[in-house]
Amino acid sequence: MTSSTSATDTSRISISAHYTGYIWYKHGLSAPGFITGMGRVANAALSPVNAFLRLVAGADIDTFLLQRHSVIDHQVERLIEEEGVEQIVEIAAGLSPRGYRFKQKYPQLTYIEADLPGMASRKQALLAEIGQTSGHSVRACNILQQEGDDSIAALLASLDPAKKTAIVTEGLVNYFDLATIRSVWTRMAEGLKGFPAGFYVTDLYPDFADHPSYRYVKFAQKLVGFFTRGQWPLHYPSDAAIKEGFQQDGFNEVRVHDPAEFYGKLNLPQAKTQTLVRIIRASV
Ligand SMILES: C[S@@+](CC[C@H](N)C(=O)[O-])C[C@H]1O[C@@H](n2cnc3c(N)ncnc32)[C@H](O)[C@@H]1O
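Residues numbered from 1 in each chain as written. Predicted model: local features only at pLDDT ≥ 70, side-chain atom pairs only at ≥ 80, totals over all residues. Heavy atoms only, no water.

Peer 1: Looking at this structure, I do not really get the site of the ligand. What am I missing?
Peer 2: Around the ligand sit 22 residues in total, of which Thr10, Ser14, Thr20, Ala92 and Asp115 are the nearest. Within the side chain of Arg68, a nitrogen or oxygen atom sits 3.3 Å from an oxygen atom of the ligand. When the free accessible area of the ligand is taken as 590 Å², the share hidden by the protein chains comes to 99%. For the shell around the ligand, the element with the most residues is helix α1 (residues 15-26), which contributes four residues. For the shell around the ligand, the class distribution of residues is eleven nonpolar, eight polar and three charged. (Near = heavy atom within 4 Å. Polar contact = N/O pair within 3.5 Å; in protein donor to acceptor, adjacent residues only side chain to side chain. Areas by Shrake-Rupley, 256 points an atom, 1.4 Å probe, with all protein chains shown as cover. Helix = DSSP H or I, 4+ residues; strand = E, 2+ residues; numbered from the N terminus. Nonpolar A, V, L, I, M, F, W, Y, C, P; charged D, E, K, R; others polar.)

Below you can see the structure in the form of structure tokens.
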């Protein structure tokens with residue numbers, strides 16, 4: 001594992017993984033081994049905020065987290081079952097149980113979880129403790145590193161180039177300004193072209209200025225920024241703009257999913273107003 005320079009060291013963001021990790025557990029999507037004291041405390045600290053958001057906006061933070069989590073799971077399942085994807089690389093996996101759950105359901109998969117070195121070490125220890133299966137591994141990756149051992153290119157180079165491959169990110173892309181994350185997406189698209197088929201699945205919080213709860217979104221934006229000591233910018237004003245952006249970054253087919261499409265079909269909570277998150281499935 002190479003060490004990050006200060007310009008590419010975004011480990012301040014890792015605290016958020018404790019919170020989301022606790023949310024997956026709280027809603028029955030995870031196992032006790034994945035939760036941390038910090039996650040428990042963050043959940044308790046944010047419970048008044050969640051109660052306020054439920055009252056004024058008809059949905060709380062958990063609602064949008066669970067929506068994105070279920071729809072990403074669904075997209076990844078489709079890629080495995082319908083497109084024949086055999087290798088999954090989940091970047092910024094944090095304390096998410098997705099790899100653990102997918103390996104239980106699809107034991108034949110190669111599933112690599114990647115995160116910044118500190119979080120990757122923590123996840124490795126956690127998986128070793130709960131029982132790691134073959135084909136399930138963890139490694140360090142910093143999406144901002146353009147080259148070297150921890151780069152996306154090195155991560156993809158460690159895979160079998162003969163197998164259809166998908167990259168997954170959740171809760172990552174809005175921590176970066178658009179130019180920075182677009183350069184990451186461009187490098188992902190480039191790297192995925194080395195496989196017989198390459199896919200990318202991510203969530204994205206767009207800048208829907210006419211959303212009825214926009215002021216609460218701006219509030220949530222400040223909250224996340226406060227906890228992670230940085231910015232949390234929203235990207236693209238519409239689904240069409242998202243699609244066009246991903247195509248410019250090197251992806252061919254780009255689908256933009258609104259979680260509301262899956263109400264009544266997947267196990268996900270419904271918001272009383274329009275949804276705030278989008279799930280992108282793009283291929284090269
Ligand atoms: C909100 S958490 C999401 C964790 C997990 N995907 C989930 O949904 O529970 C954000 C994650 O991004 C990781 N991260 C932050 N900066 C990163 C970077 N430059 N490269 C890779 N991962 C990064 C953090 O360590 C953290 O695990």
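Peer 1: Even after reading the chapter, I still don't get the side chain of His211, so can you show me in this structure?
Peer 2: With respect to the helices and strands, the residue His211 is situated in the loop between β5 (198-204) and α8 (214-228). Owing to a relative accessible area of 5%, His211 belongs among the buried residues under this scheme. At 2.6 Å, the side chain of His211 forms a polar contact with the backbone oxygen of Gln274. Filtering out sequence-adjacent residues up to four positions away, His211 remains in contact with Thr273, Gln274, Thr275 and Leu276. (Buried < 20%, exposed > 50% of the residue type's maximum accessible area, 1.4 Å probe, protein only. Contact = heavy atoms within 4.5 Å.)

Peer 1: Honestly, the packing of aromatic side chains in this entry has me stumped. Any pointers?
Peer 2: Any two aromatic rings considered together are summarised by their centre-to-centre distance and by the angle between their planes. Evaluation of the coordinates by the stated rule reveals twelve aromatic pairs. Geometrically, the ring pair formed by Phe246 and Phe251 is tilted, given 5.9 Å between the ring centres and 50° between the ring planes. In this structure Phe251 comes out as buried when scored by relative accessible area, which is 2%. The rings of Trp185, Tyr200, Phe246 and Phe251 are connected pair by pair, giving a single aromatic cluster. (Phe/Tyr/Trp six-rings, centres within 6.5 Å; stacked < 30°, edge-to-face > 60°.)

Peer 1: Is there a simple way to think about α1 in this case?
Peer 2: For the α-helix, the turn length of 3.6 residues means that residues three or four positions removed from each other point alike. Over its twelve residues, α1 extends 17 Å from the first C-alpha to the last, a length consistent with the 16 Å expected when each residue adds 1.5 Å. Most of α1 is tucked away, with nine of its twelve residues classed as buried. Looking at α1, one finds that the buried residues are Ser16, Ala17, His18, Tyr19, Thr20, Gly21, Tyr22, Ile23 and Trp24. In this structure, the buried side of α1 is in contact with α2 (37-57), α3 (61-83), α5 (117-130) and α8. Looking one or two residues past α1, Gly28 carries a phi angle of roughly 75°, positive in sign. (Expected span 1.5 Å × (residues − 1).)

Peer 1: Explanation requested: a nonpolar patch on the surface in the structure shown.
Peer 2: Residues Phe52, Leu55, Val56 and Phe219 make up a contiguous nonpolar surface patch of roughly 380 Å² in combined accessible area. A total of three residues in the nonpolar patch trace back to one element, the largest contributor, which is α2. Tracing the backbone through its elements, the reader meets Phe219 in helix α8. (Patch = residues over 30% accessible without salt bridge, like charges linked within 9 Å, V, L, I, M, F, W, Y side chains within 5 Å. Salt bridge = Lys/Arg side-chain N within 4 Å of Asp/Glu carboxyl O.)

Peer 1: What am I meant to see in the pattern of salt bridges here?
Peer 2: A side chain of one charge can pair with a side chain of the opposite charge when the charged atoms of the two come close. Inspection of every chain in the model, using the stated rule, returns 18 salt bridges. Between Asp203 and Arg68 there is a salt bridge, with the nearest N and O atoms lying 3.5 Å from each other. Taken together, the positions of Asp203 in strand β5 and Arg68 in helix α3 put the pair 135 residues apart, joining distant regions of the chain. Neither residue differs from the other here; Asp203 and Arg68 are each classed as buried. Linked by salt bridges that have partners in common, Arg68, Asp73, Glu90, Arg98, Arg101, Glu170 and Asp203 make up one network.

Peer 1: Would you take a moment to explain the nonpolar core for this structure?
Peer 2: Buried together is how nonpolar side chains tend to be arranged in soluble globular proteins. Core analysis: the biggest nonpolar cluster contains 58 residues, and Ile91, Ile143, Trp185, Met188, Tyr200, Phe246 and Phe251 have the highest contact counts within it. If one sorts the elements of this core by residue count, helix α7 (residues 178-192) sits on top with six residues. Excluding its chain neighbours within four sequence positions, the residues that come into contact with Tyr200 are Ile167, Thr169, Val173, Trp185, Met188, Leu192, Phe246, Phe251, Ile280, Arg281 and Ala282. Among the nonpolar cores identified, the runner-up in size contains 19 residues, and Ile80, Tyr111, Val201 and Phe262 belong to it. (Core = buried A, V, L, I, M, F, W, Y, C linked by side-chain atoms within 4.5 Å.)

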